[in-house]
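Each chain, letter by letter, is given below.
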Amino acid sequence: MYPLSNNSFVVVANRLPVDRAKDGSWQPSPGGLVTALAPVLEKHQGCWVGWPGNAGEHLEPFRTDSGVLLHPVTLTEADYELFYEGFSNATLWPLYHDLIVPPRFERSWWEAYREVNLKFAEAVAEVAAPSATVWVQDYQLQLVPGILRQIRPDLTIGFFLHIPFPGAELFRQLPWREELMRGLLGADLIGFHSVDNAQNFLALAAQVAGAAGSHIGQPDELEVEGEASIRQVTAKITAPDGRKVGVAAFPISIDSAETAKLSQHKGALRSRVGERTLILGVDRLDYTKGILQRLQAFEELLESEAIAPDEVVFVQIATPSRERIDHYRKTRYEVEAAVGRINGLYGEIGEPVVHYIHRPVPKPQLMGYYADADIMLVTPFKDGMNLVAKEYVACHDDGSGALVLSEFAGAAAELNDAYLCNPHDLESIKRQLLAAITDVRAGSESAQTRMQQLHDQVMTHDVDLWARSFLGALENHA
Ligand code: GDG
């Protein structure tokens, strides 16, 4: 058994960073967040609290090889349905992504959300040492800071939102808006990817609080500084209990050096598709990602003969995601219909013009695919950051390739040397895709310079910098 309550640094996220191995054992899954936080977790007798990913399964705490304690929270099948699929992914997810599909407001989902947030907060309270630092992650756990503040006022609490924060007029639709705001304001520091998100939150704090008749007001201190592309915002607002809460933007990133190293796996995809211009899309199959629209843009370019089917190939990796939710099923159906239609019209036997993979690809292989791709097509209608765009750029250190990127991805603020497009406007996607194809084929010098600048930005702004900036700000605040 492990001494449970002596962890001076605790991360709490919906998911534990573990995967089930073939032999049935649980193995740590080293994603970007884990990689960034591992050194901090190791240095501080750290603990990660989260759900292992299987409803109804109870697991004992266990330690990773590097000494991090993983503390599982059990979710029942009902929790999974109401808290995870329901309130988190069919209410909050669409609401925070600007109503790309209508959010559903169900009281039973909200009640489950409160209960599960309480469950997570209690688990944290159990493992956190006196005066520990707790870092709460993402939209599934927005009530955790407020609950922890009540049951463990000794803790320093940070919260980071990985998805966009919507404009006040959208958030105000939420029947439980005051309680959610109060939950967030239990934190000492609230972090967002972008200045826009932070400003949406600040505007909302004033409005919702006004409606609720509480003491939350306009920010007491607000500074916006820096260049338009990488502005910083730091603000302090007053929580209902009189504490000052910091609000700031911390754009997340990837483990850039590790990603760049994995690009050595290049060649496999290229050897399959030959010398045709290779366009790549990589996403969870989610309606926010604009996969259908990018296929339609590609189809229209073929139809107008702006590009020839024997000269281009489009590879779309669309990893399964939230498959029991209606809008995800519909999106999958539409994407698969489009792939079939385009291949039916423009493919040849043994030479489809679109390749579609609906299963996860191992990471090294995926990084090799990025390195092979001439053009990366990233067209979300709305995205907190979009790590795929950064991964692609990290895999091109020689000015090769081109990134077509939605202006509504958080990443566009930093990666503004990309071919920026408006995913709501098919003509805009077509224009930028065609420009990227033309430039790459011509070996355009300016396109190479742009890729080089993007590469420099991603290599010098990695996930470690993100974690250090957040934790540094949290330490200074507390
Ligand atoms: C949320 C926010 C924000 C994808 N397919 C495979 C695979 N992936 C990996 C990618 C990338 C990650 O999944 C996706 O990250 P994104 O950032 O693009 O998107 P979300 O999943 O929506 O993430 C987002 C992020 O949180 C972090 O704050 O940027 O805005 O929505 O790393 O490589 N990985 C492997 N096989 C696949 O088939 N191995």
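This one's a predicted model, so the numbers in the text were calculated from it and none came from an experiment.

A. Fine view of unusual backbone geometry. Positioned with a positive phi, Leu-99 is a non-glycine residue whose angle comes to about 60°. Turning to its location among the elements, Leu-99 is positioned in the loop between α2 (77–96) and α3 (107–127). The phi dihedral of Asn-386 falls on the positive side, at around 95°, and the residue is not glycine. Mapping Asn-386 onto the fold places it in the loop between β16 (375–378) and α13 (387–394).

B. A look at the domain arrangement of the protein. Examined at the domain level, the protein breaks down into domain 1 (7–253 + 463–477) and domain 2 (256–460). Computed from C-alpha coordinates alone, the two centres of domain 1 and domain 2 are separated by 30 Å. Counting residues at the interface gives 24 residues for domain 1, matched by 21 residues for domain 2. Summed over the shared surface of domain 1 and domain 2, the result is three salt bridges. As a salt-bridge pair, Glu-85 and Arg-324 come within 2.9 Å of each other at their nearest N and O atoms. Along the contact surface separating domain 1 from domain 2 lie eight residue pairs in polar contact (both at pLDDT 80 or more). Per element, the largest residue contribution to the side of domain 1 that touches domain 2 is eight residues, and it comes from α2. Here the side of domain 1 that touches domain 2 is built from residues that sort into 14 nonpolar, six polar and four charged.

C. Quick look at the site of the ligand. Not every one of the 21 residues close to the ligand is listed here, only the nearest: His-162, Val-361, Asp-383, Leu-387 and Glu-391. For the ligand, an oxygen atom lies 3.0 Å from a polar atom in the backbone of Gly-384. For the ligand, the protein covers 80% of the area, taking 730 Å² as the surface of the free molecule. Of all the elements in the fold, those that place two or more residues in the shell around the ligand are β13 (277–284), β14 (312–319), α12 (363–372) and α13. For the shell around the ligand, the per-class residue count stands at eleven nonpolar, five polar and five charged.

Cut-off values and rules
Residues numbered from 1 in each chain as written. Predicted model: local features only at pLDDT ≥ 70, side-chain atom pairs only at ≥ 80, totals over all residues. Heavy atoms only, no water. Helix = DSSP H or I, 4+ residues; strand = E, 2+ residues; numbered from the N terminus. Domains from an automatic or database assignment. Contact = heavy atoms within 4.5 Å. Salt bridge = Lys/Arg side-chain N within 4 Å of Asp/Glu carboxyl O. Polar contact = N/O pair within 3.5 Å; in protein donor to acceptor, adjacent residues only side chain to side chain. Nonpolar A, V, L, I, M, F, W, Y, C, P; charged D, E, K, R; others polar. Near = heavy atom within 4 Å. Areas by Shrake-Rupley, 256 points an atom, 1.4 Å probe, with all protein chains shown as cover.

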